[in-house]
Amino acid sequence: RSVNLSMGSLDDSFGTLKLASKLRNTSQPDLHSASLLSNASFLGSGISDLRATVCAQQKNIDGLVNRVAALLSAMHAEMLRDVRAACERDIGQVAGYIEEAVARAAAGVEGRFTELQDEQRSWLQGEAASLRRDIADEARGHYERLPAEGKG
């Protein structure tokens, strides 16, 4: 019995075919050969009837094994599709989570950047005020050292 190749992608089919072939290729004795089916040496002993029954049962078992192999390969292909679908769904969720995390991190960085700018602005204003005082003090000192006629 052949496996339906339209059950998934080409990779799924090869994996499914491999699974089915392993299930089908069991090492069993050849009960169908002409030497085993020969009734010549066992006529009247009942062994030939027993051999015929065993061969018929073996054919039934082979048919069942083929059906089970086909069923398992179909289940295997379906499971692969389900796993891939779940992975794709999970990838979407992970991408959404990452976008949210990046947005939160960006907001945190932006907030910290604003705080640092405010701190820097405050520090620079303090430094500028200190520099103005120093320059005013130095200018006053130079002004006081000027002769009286130049003070105006």
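Remember, predicted model here, so these are calculated numbers, not experimental data.

A word on the overall build of the protein chain
Turning to step 1, where the next piece is worked out: Looking only at helices and strands, the protein chain features three helices and zero strands.
Turning to step 2, where the next piece is worked out: Each helix and strand of the protein chain, ordered N terminal to C terminal, gives the series α-α-α.
Turning to step 3, where the next piece is worked out: Contacts spanning at least 24 positions in sequence make up 61% of the contacts within the protein chain whose residues lie at least 6 apart.
Turning to step 4, where the next piece is worked out: Entry remark: accessible area of the protein chain is about 11900 Å², with carbon and sulfur atoms responsible for 60%.

Notes on the side chain of Ser73
Turning to step 1, where the next piece is worked out: Its location among the elements puts Ser73 in helix 3 (residues 47-145).
Turning to step 2, where the next piece is worked out: A distance of 2.8 Å separates the side chain of Ser73 from the backbone oxygen of Ala70, its partner in a polar contact.

Digging into the pattern of salt bridges
Turning to step 1, where the next piece is worked out: As enumerated under the stated definition, the model contains four salt bridges in all.
Turning to step 2, where the next piece is worked out: Ionic pairing is found between Arg112 and Glu115, a salt bridge with its closest N-O pair at 3.1 Å. Of this pair, Arg112 and Glu115 both sit in helix 3, three residues apart, which is roughly one turn of the helix.
Turning to step 3, where the next piece is worked out: Among the residues examined, Glu115 registers a relative accessible area of 43% and is labelled partly exposed.
Turning to step 4, where the next piece is worked out: Salt-bridge contacts for Glu119 lead to Arg112; the nearest nitrogen and oxygen are separated by 3.9 Å.
Turning to step 5, where the next piece is worked out: Glu119 sits in the partly exposed class, given a relative accessible area of 46%.

Notes on the confidence of the model for the protein chain
Where the model shows low pLDDT, its predicted coordinates should not be examined in detail.
Turning to step 1, where the next piece is worked out: When pLDDT is averaged across the protein chain, the result is 78; 67% of the residues are at 70 or more.
Turning to step 2, where the next piece is worked out: At the level of individual helices and strands, the protein chain shows its lowest average pLDDT in helix 2 (residues 34-37), which scores 50, and its highest in helix 3, which scores 91.
Turning to step 3, where the next piece is worked out: Counting contacts from residues 1-11, a segment whose pLDDT is below 50, to residues more than four positions away or on other chains yields 16 contacts.

Description of helix 3
Turning to step 1, where the next piece is worked out: End to end, helix 3 covers 139 Å across 99 residues, agreeing with the expected 147 Å (1.5 Å per residue, within 8%).
Turning to step 2, where the next piece is worked out: Inspection of helix 3 places Ser48, Cys55, Gln58, Ala69, Ala70, Ser73, Ala77 and Gly141 among the buried residues, and these make up the whole buried set.

What counts, and at which threshold
- Each residue is numbered by its place in its chain's sequence as written, counting from 1.
- Confidence filtering applies because this is a predicted model: local features only for residues at pLDDT of at least 70, side-chain atom pairs given and counted only at 80 or more, and all residues used for totals across whole chains, interfaces and linings.
- The side-chain values count all of the structure's non-hydrogen atoms but skip hydrogen atoms and water molecules.
- By the criteria applied, helices consist of DSSP H or I runs no shorter than four residues and strands consist of E runs no shorter than two, each listed in order from the N terminus.
- Contacts are assigned to residue pairs that have any heavy atoms within 4.5 Å of one another.
- Here the open area of atoms and residues is found with the Shrake-Rupley method and a 1.4 Å probe, where only the protein chains shown may cover a residue.
- Identification of polar contacts relies on pairs of N or O atoms within 3.5 Å, with a donor-acceptor requirement for protein atoms, meaning one able to donate a hydrogen and the other able to accept it, and with residues adjacent in sequence counted only if both atoms are side-chain atoms.
- Salt-bridge detection follows one rule: a side-chain nitrogen of Lys or Arg within 4 Å of a carboxyl oxygen of Asp or Glu.
- Relative accessibility thresholds used throughout: buried, under 20% of the residue-type maximum; exposed, over 50%; partly exposed, between the two (1.4 Å probe, protein chains only).
- A score between 0 and 100, pLDDT records how confident the predictor is in each residue.
- One less than the number of residues in a helix, times 1.5 Å, gives the span that helix is expected to have.

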